Each structure stands twice: as C-alpha cells, then as structure tokens.
Amino acid sequence: MEKLLEFSQIINSSLDIEVVRKKIIEAIVELLEAEAGSLLLYDRKTDELYFNVAVGDKAEKIKSIRLKMGVGIAGWVAKHRKPQLINDVQNDPRFFKNADKKSGFTTRNMVCVPIIRNQQLLGVMQAINKKDGEFKQKDLDVLIALSNQVAVSIENAMLYKELKDTFYEVVFALAEAIEKRDPYTGGHTKRVMEYSILIANQMGLDKDFIEKLKLSAILHDVGKIGVPDRVLLKQDKLDDEEYKIIKGHPKVGADILRKVKKLKEIIAGVELHHERFDGKGYPYGLKGKEIPLSARIIAVADTYDAMTTTRPYRKGLSKDAAIEEIVKNKGKQFDPEIVDAFVEAMENE
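For clarity, every value in this text was computed on a predicted model and none was experimentally measured.

Student: Talk me through the side chain of S103; I want residue IDs and the actual numbers.
Tutor: Residue placement: S103 occurs in helix 4 (residues 98-103). Within the structure, S103 has its side chain in polar contact with the backbone oxygen of A99 (distance 3.0 Å).

And the structure:
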C-alpha cells in the first residue's frame, strides 16, 4: 500500500511529460519487483509503437526499435487491447526476438497491459523478468489498475505539452513578424536562441533556467517594434540621434513584456542583453555580475550572429573570424566564463 501511495504521488508530481513517463516506469519496476520495464507509446501517424521509456539493464539499446501494430507481444496487446501475463516469453510465437538481439538482454517473463483513455490507445506498459521467479496474476492485476492512472497522467502531460508548444509557436510568430521588417536579419531570432541554448548546455545550467533563457532569446529584439523604419532599415551608418533610438529598443521590449505577468522572469534577458561586462553598455551601464546571467549569455549569442550576418553596408565575418573577435573582447564586452563556454560549444558542435 505504501508503494501504491508513492506511485500516485509520483504520477502527479510533474506535468513535464518526459519526467512523468520515466518516473512511472521506474516506480512500476520497483513495485512489481522486476528487472526491467518499458513504456511504448502509440504513434497514430505510422500505426506503430515506439519505446519512449525503458529502464533496466541494456535499456538504452532498444529505444530506436519501432513495432508495427500487432508485431511482438506489445504490438499484440496494443492491437487487441488485452493484458497479458507470459512466464515463458522465449517460446511465445508473438515474441519479437530482435529486441533481445539488439540489447543483449534475455527476456524470460513479462506482464504487459494497454494504456487506454476515453477509448483511445495511448500505448503499452510492461514489466519484464520477475526477480524472484515468475509473475503472478496479482502482478498483472496491479499493472492493470495502475494503467488507468497512467493513462490520465500521460493524457494530462500531453495536453500540457500541446499548450506549451502552442505558446512557443505564438511567441515565435510574434518575434518573426517583427524580424520580417528587416529582410537582412532573417532567421536571427532562431539562431540567437540556438546559440544561447548551446552556451547554457555547455555550462551545465539547469533545465528551468534554460527554458526561461530560450524565451528571453526569442523575444530579445521584440522592442524593435518601436523603432521607425527609417532607422531600422537605414543602410548607412546611424547618426547620434538614430543610434539613441536604436539603443532604446531593449527598454521598449521590457516595457511590453511587463504587461504579461507570467513573463516577468524573462525580462532581464531582453532588457539587459546590450549591457557590457566592463560597464560600458546600455541601457543602464551595469558591470560584471550585476548583469543577469541570461543577458550575459544572449549578449554573446546576439553579437556572434550579428557579426556573421551580411548587411547591405558590410559583409558578414566567417565563423572563425567572428569567434576570434568574441575572444578578443573577453572581460571587456563579454563575461569570460561565457565566452569560454561558447568557444568550446562551437568547437564541439
């Protein structure tokens, strides 16, 4: 009963679909005292099952396998929507032997149940190789009972992911609409986002921070909506007054985002990505670690992309020349730690 209560807490602990699925299978393996377990999700487009989560010895090696509906024990369970308890898997004619061949794992016995929500097949869940011998009917009964909770949890996580994906699509559409005003900056938003994430991953920053950084990078130039075309699209060098207008775009962007309460944690990256490590940037002249980490990362990503992009009045630099310029400005324009991470990440990629 304790383990069942723990299971209920686990599947309601997060809306992150990857976290939920992995925790579910880990809990089932422990609960049923199995050596391994897996969650196969149903791909409606291809009418196949694919290993979304696998835990246990050799688990990683089977994740590339996809099963046509009806193929293997899992495929049979998915097609017929009937739970199965099999204690002699190797001699079952439905057994898909390629999974064992690929992983080097030997499947002796298993319990396998379909995951169904509102009459829709979501996937199949299985526990493999009972540690103390054979699976019993009570093991199958427990897995069947848990599959209902798992179905609700997976559906909620999927709905959350769809909502989140829609949100990002809307944000990207807004950023790209502003970007389209200047035909020479096509793809800038996406590239700055990718470089920023590359740096953050190289630095080993946590997932929550990277999520916020991603949004800041997408929206870092949203304030350019307030820059007149005569300034934004000018093909010659800007005069002092025009440069002053351009320098105002980070504050304009921040003011726009302050109207959305849920975006308050990403404002720093938008408002402060033109600050310099030596204190000579704008809009506030912040220095060193006074500048939030997200803004220091976006500053490197934004500058690198600007330098490698060809404009009407100058040709873009090569990758190596741009990186060399970034390194020259270590400790001046940019945080040295972030420059080092950027250079290493670019070399690795």
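Student: Report on the packing of helix 6 (residues 188-202) against helix 12 (residues 293-308), specifying residues and quantitative values.
Tutor: Angle between the axes and distance between the axes are the two parameters that describe a pair of packed helices. It is the contact of helix 6 with helix 12, at a shortest axis distance of 8 Å, that shows an interaxial angle of 135°. Taken together, the axis directions place helix 6 and helix 12 in an arrangement best described as oblique. Judged by the twist between their axes, the crossing of helix 6 over helix 12 is right-handed. In this structure, helix 6 contributes H188, R191, V192, Y195, S196 and I199 to the contact, and helix 12 contributes I297, I298, V300, A301, D302, Y304 and D305. Class assignment of the residues belonging to the contact of helix 6 with helix 12 gives a composition of eight nonpolar, two polar and three charged.

Student: Lay out the sheet that holds strand 5 (residues 110-117) in plain terms, naming residues and giving numbers.
Tutor: Pairing between the strands of a sheet is mediated by backbone hydrogen bonds and can be parallel or antiparallel. Pairing is antiparallel in the open sheet, where six strands are placed in the order 3-2-1-6-5-4. Two strands close off the open sheet at either side, each with one partner strand: strand 3 (66-68) and strand 4 (84-86). When the angles between neighbouring strand axes are averaged without regard to direction, this sheet yields 25°. Inspection of the sheet shows strand 1 (residues 34-43) paired to strand 6 (residues 120-130) by seven bridges, in the antiparallel sense. The partner of G37 across the bridge, within strand 6, is A127. Helix 3 (residues 72-80) rests against strand 1, strand 2 (48-55), strand 3, strand 4, strand 5 and strand 6 of the sheet, and its axis sits at about 35° to strand 5. Against the sheet, helix 5 (residues 137-179) engages strand 1, strand 4, strand 5 and strand 6, with an angle of about 35° to strand 5.

Here is what the cut-offs are and how they apply
Residues numbered from 1 in each chain as written. Predicted model: local features only at pLDDT ≥ 70, side-chain atom pairs only at ≥ 80, totals over all residues. Heavy atoms only, no water. Helix = DSSP H or I, 4+ residues; strand = E, 2+ residues; numbered from the N terminus. Polar contact = N/O pair within 3.5 Å; in protein donor to acceptor, adjacent residues only side chain to side chain. Axes fitted to C-alpha atoms, helices over the stretch in contact; angles between N-to-C directions. Parallel < 35°, antiparallel > 145°, perpendicular 65-115°, else oblique. Left-handed = near helix turned anticlockwise from the far one by under 90°. Contact = heavy atoms within 4.5 Å. Nonpolar A, V, L, I, M, F, W, Y, C, P; charged D, E, K, R; others polar. Pairing = 2+ DSSP bridges.

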